[in-house]
Amino acid sequence: MKTLSREEVENIETTNFIESFIKQDMLEQGLDHIVTRFPPEPNGYPHIGHIKACNIDYSMAQKFGGYMNLRMDDTNPLKESIEYENAIIDSLKWAGFKWENVYHASDYYQKMYDCAELLIKKGLAYVDDLDADTLSKYRGTLTRPGIESPSRNRSIEENLQMFRDMKAGKYKDGEVVLRAKIDMASPNINMRDPTLYRVLRATHYRTGDEWCIYPMYDFAHPISDAIEGITHSLCDIEFENHRPLYNWVVNECEFEKKPRQIEFARLNIEGTVTSKRYLRQLVESQRVFGWDDPRMPTVDGLRARGIPSVALRDFVTNVGVTKVDDAVVSPEMLDSCTRNILNNTATRVMVVLDPIKITITNYDGDGEMMTVENNSNDADAGTHEVKFGKHIFIEREDFMMDPPSKYHRLRPDGYVRLRGAYIIKCDEVKTDNQGNVTEILCSYIPESRSGNDQSGIKVKGTIHWVNADDCDDIYVHQYSNLIREGVRFEGDWDTTFNSDSLKVIHAKAEKYVLSCPKGTHFQFVRKGYYYLTTLDEKVVFNSTVSLKEGFKL
RNA sequence: AGGGGUGUAGCCAAGCGGUAAGGCACUAGACUUUGACUCUAGCAUGCGUAGGUUCAAAUCCUGCCACCCCUGCCA
């Protein structure tokens, strides 16, 4: 474990308010390291918002010395499962996070129980037999104080006995609860004698049927933090109102080392739904193929789309840490981070997504191999060979019958370079009776061979191509937003789901592509970044992100 | 008798009494066998708003406005 000297701490430059707090705490308390924790509830698949939160916990420990624990916040057996726990661990590992320990809130059930008895003995907790509706009514409203329950005056002895009976299973589910005795008139509703324990007969995925009472978040979380020696408990801003209760529990349960809760704003991305509830609806209604559908903002989804984990972490780091809860980040920021990484790492290949046939009438060469760079930005990436030929495909949009003057691509009687090969000239355009171009007849300039151009012809445009007699059929999955353009998601997929969010394109790829393994990140030159996801009967590429488009008609 | 938070450019976001960082997006231009990348330049006399304090205010004070969160035996 890394620790920091006082001088090192003093020299740390802070970049957000949490770092400032931590630095100040370390200096004041003479700490040489901190301990954080990422505490997901294993009740669903983690999404990009979890990555932001975990990144904060992780990067703080990296920066200030110490470590991060991963803790499953498993206090509601009704919703949690090992499937989700495993999904969380897999996703976080893939994202590149490292933790010191994997703990569970359920590891501490006995200690929590002991804390509860301590509170009862101190006269600070009582068993309430008010039914749920009445208890809710007694809580008061935002503007009116609550009413004290008759149970509030129960003796310590009776409370202790009743709580032990709760644990022993002598009460039905929901019949009684354990409550903290704080202040029914507090303007902070969380302090109006909050529930600490409920009776619940449910099989917990780890503790089975060992317990029939389960602690509430507000009780379990501060205790778990204190037990683990967490120094800084960083959480979502929605828990800001809970902080007084958090501190109350830590103090009254008499923990010596008191963790400090600091809250930050959650991640909102424009046009992206991250609520687990609504993501679940997409999966269950089969509008998407699963939690790992590339359109999903889940970690598995992003990963399937081909977003590198480094790009994901760059993104959540760039977004920053603030308390501005209504900040909405543009998805273009993620795109930018993704392009930055892939620009340096992706293998360049030529793929034609919407082919139009070209015949080079004066070319009779056979099997002429052209050498192309795998990545001109990276000399170490090497080269590969492409076979040139008489019949090729080019992109339909790279030819125009009657283009504007700024158009650099192929036009009647115009010249263009075929990337890595020759300059060609458009001689004749064949069309069907609707006027659609069916084939273009060209001639090539033999002196213009790539790397040894003696032709003296200057062309403005270079386009990609594929050898029609030496290419592979592939499928490209092109994704767009799950929410229809121009509408705002307000909880109803029926009216907002973009049923056009997946387009399957049958494309032509140069031979080299299929010699690469599944999981390769490609740049389809002049088109975008694509991720090879399936090499089975069908070869499928997921579109990760397009290239920036400098030219607009 | 409501309480707790937050407002800096189109979008994120630094800034902590000394005269508005950075990123995304956008606009020019250079380079280019990817209209990508890279490079260069531009992009808030302005910090929710109205006052006040000060030689000096996004920063301190006061009032107002807008938005978010809180009345689970969920987390």
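Here the structure is shown first, and the text comes after it.
Here the structure is a predicted model, which is why all the values come from computation and not from measurement. (Residues numbered from 1 in each chain as written. Chains lettered and ligands numbered in written order. Predicted model: local features only at pLDDT ≥ 70, side-chain atom pairs only at ≥ 80, totals over all residues. Heavy atoms only, no water.)

Topic: helix 9 (residues 243–252)
Part 1 of the reasoning: Along helix 9, the residues that are buried comprise L245, Y246, W248, V249 and V250.
Part 2 of the reasoning: Turning to helix 9, the residues buried within the fold contact helix 5 (109–121), strand 5 (177–180), helix 8 (217–228), strand 8 (232–236) and strand 9 (260–264).
Part 3 of the reasoning: Looking one or two residues beyond helix 9, the residue adopting positive phi is E254, at roughly 65 degrees. (Buried < 20%, exposed > 50% of the residue type's maximum accessible area, 1.4 Å probe, protein only. Helix = DSSP H or I, 4+ residues; strand = E, 2+ residues; numbered from the N terminus. Contact = heavy atoms within 4.5 Å.)

Describing the side chain of S224
Part 1 of the reasoning: Residue placement: S224 occurs in helix 8.
Part 2 of the reasoning: Residue S224 is classed as buried on the basis of its relative accessible area of 1%.
Part 3 of the reasoning: Not counting the four nearest positions on each side in its chain, S224 is found in contact with R71, A105, Y108 and M112.

Some remarks on the nonpolar core
Part 1 of the reasoning: Of all hydrophobic cores here, the largest spans 43 residues; its most connected members are I18, I48, I51, M60, L92, F97 and F315.
Part 2 of the reasoning: Broken down by element, the residue count for this core peaks at eight residues, all from helix 3 (residues 48–64).
Part 3 of the reasoning: A domain split of this core shows at least three residues from each of domain 1 (6–264) and domain 2 (276–347 + 474–546).
Part 4 of the reasoning: In contact with I51, not counting residues within four places along its chain, are L92, A95, F97, V299, L312 and V316.
Part 5 of the reasoning: Within the second largest apolar cluster, 41 residues are counted, among which are L124, Y197, L200 and Y214. (Core = buried A, V, L, I, M, F, W, Y, C linked by side-chain atoms within 4.5 Å. Domains from an automatic or database assignment.)

Examining the layout of surface pockets
Part 1 of the reasoning: As a volume, the second largest pocket reaches approximately 890 Å³.
Part 2 of the reasoning: R305, D335, Y479, S480 and N481 are, among the 34 residues lining the second largest pocket, the residues nearest its centre.
Part 3 of the reasoning: Elements supplying a minimum of two residues to the lining of the second largest pocket: helix 11 (299–305), helix 13 (332–345), strand 21 (471–479), strand 22 (502–510), strand 24 (528–534) and strand 25 (540–546).
Part 4 of the reasoning: Residues belonging to the lining of the second largest pocket are distributed by class as follows: 17 nonpolar, nine polar and eight charged. (1 Å grid on protein atoms, 1.4 Å probe; cavity = no way out; pocket = protein on both sides within 12 Å on 5 of 7 lines; lining within 4 Å. Points joined across faces, edges and corners; volume = space filled by probe spheres on them. Nonpolar A, V, L, I, M, F, W, Y, C, P; charged D, E, K, R; others polar.)

Some details on the pairing of strand 22
Part 1 of the reasoning: Direction of pairing for strand 11 (residues 351–352) relative to strand 22: antiparallel, over a ladder of two bridges. Each residue of the ladder has a partner; that of V352, found in strand 22, is K508.
Part 2 of the reasoning: In terms of strand pairing, strand 21 meets strand 22 through nine bridges, oriented antiparallel. Bridge assignment links H477 to a residue of strand 22, and that residue is V504. (Pairing = 2+ DSSP bridges.)

Concerning empty space enclosed by the protein
Part 1 of the reasoning: Within this structure, the stated rule accounts for one cavity of 30 Å³ or more.
Part 2 of the reasoning: Volume-wise, the largest cavity comes out at about 40 Å³.
Part 3 of the reasoning: In terms of lining, the largest cavity is formed by Y217, D218, P222, H242, L245, Y246 and Q261.
Part 4 of the reasoning: Contributions of two or more residues to the lining of the largest cavity are made by helix 8 and helix 9.
Part 5 of the reasoning: Here the lining of the largest cavity gets three residues from one element, more than from any other, and that element is helix 8.
Part 6 of the reasoning: Across the lining of the largest cavity, the residue classes tally to four nonpolar, two polar and one charged.

Topic: the protein's contact with RNA strand B
Part 1 of the reasoning: Residues in close proximity to RNA strand B total 70 residues, the closest being A185, T322, R348, S450 and Q523.
Part 2 of the reasoning: Take the atoms of RNA strand B that sit within 4 Å of the protein: sugar and phosphate atoms are 60% of them.
Part 3 of the reasoning: Taking P187, its main chain carries an N or O atom lying 3.4 Å from a base nitrogen of RNA strand B.
Part 4 of the reasoning: Between F551 and RNA strand B, the recorded distance is 3.1 Å, taken from a backbone N or O atom to a sugar or linking oxygen.
Part 5 of the reasoning: Listed by contribution, the elements that provide at least two residues to the surface near RNA strand B are helix 6 (132–138), strand 6 (195–199) and helix 13. (Near = heavy atom within 4 Å. Polar contact = N/O pair within 3.5 Å; in protein donor to acceptor, adjacent residues only side chain to side chain.)

Focus on the sheet that holds strand 23 (residues 521–524)
Part 1 of the reasoning: In space, the seven strands of this open sheet follow the order 10-23-24-25-21-22-11, with mixed pairing throughout. Each edge of the open sheet is held by one strand with a lone partner, namely strand 10 (347–349) and strand 11.
Part 2 of the reasoning: Inspection of the sheet shows strand 24 paired to strand 25 by six bridges, in the antiparallel sense. If you follow L532 over to strand 25, its bridge partner there is F541.
Part 3 of the reasoning: Seen against the sheet, helix 13 touches strand 10, strand 23, strand 24 and strand 25 and runs at an angle of roughly 115 degrees to strand 25. (Axes fitted to C-alpha atoms, helices over the stretch in contact; angles between N-to-C directions.)

Topic: the packing of helix 8 against helix 9
For any two helices packed against each other, one specifies the inter-axial angle together with the distance between the axes.
Part 1 of the reasoning: For the pair helix 8 and helix 9, interaxial distance at closest approach is 9 Å and the crossing angle is 60 degrees. Here helix 9 runs oblique to helix 8, going by the angle between their axes. At the point where helix 8 passes helix 9, the crossing takes the right-handed sense. Judged by residue contacts, D218, F219, H221, P222, I223 and D225 of helix 8 engage L245, Y246, V249 and V250 from helix 9.
Part 2 of the reasoning: Considered class by class, the residues forming the contact of helix 8 with helix 9 number seven nonpolar, one polar and two charged. (Parallel < 35°, antiparallel > 145°, perpendicular 65-115°, else oblique. Left-handed = near helix turned anticlockwise from the far one by under 90°.)

Quick look at the sheet that holds strand 3 (residues 102–104)
Part 1 of the reasoning: A sheet is described by the order of its strands in space; here three strands give the open sequence 1-2-3, paired in parallel fashion. Only two strands of the sheet have a single neighbouring strand rather than two, namely strand 1 (34–38) and strand 3. Here the average twist between neighbouring strands, direction ignored, is 35 degrees.
Part 2 of the reasoning: Across five bridges, the pairing between strand 1 and strand 2 (residues 66–72) is parallel. Counterpart to R37 in the pairing with strand 2 is N69.
Part 3 of the reasoning: The strands touched by helix 3 are strand 1 and strand 2; relative to strand 1, the strand with the most contacts, the crossing angle is about 165 degrees.
Part 4 of the reasoning: With respect to the sheet, helix 4 (residues 82–95) is in contact with strand 1, strand 2 and strand 3, its orientation differing from that of strand 2 by roughly 150 degrees.

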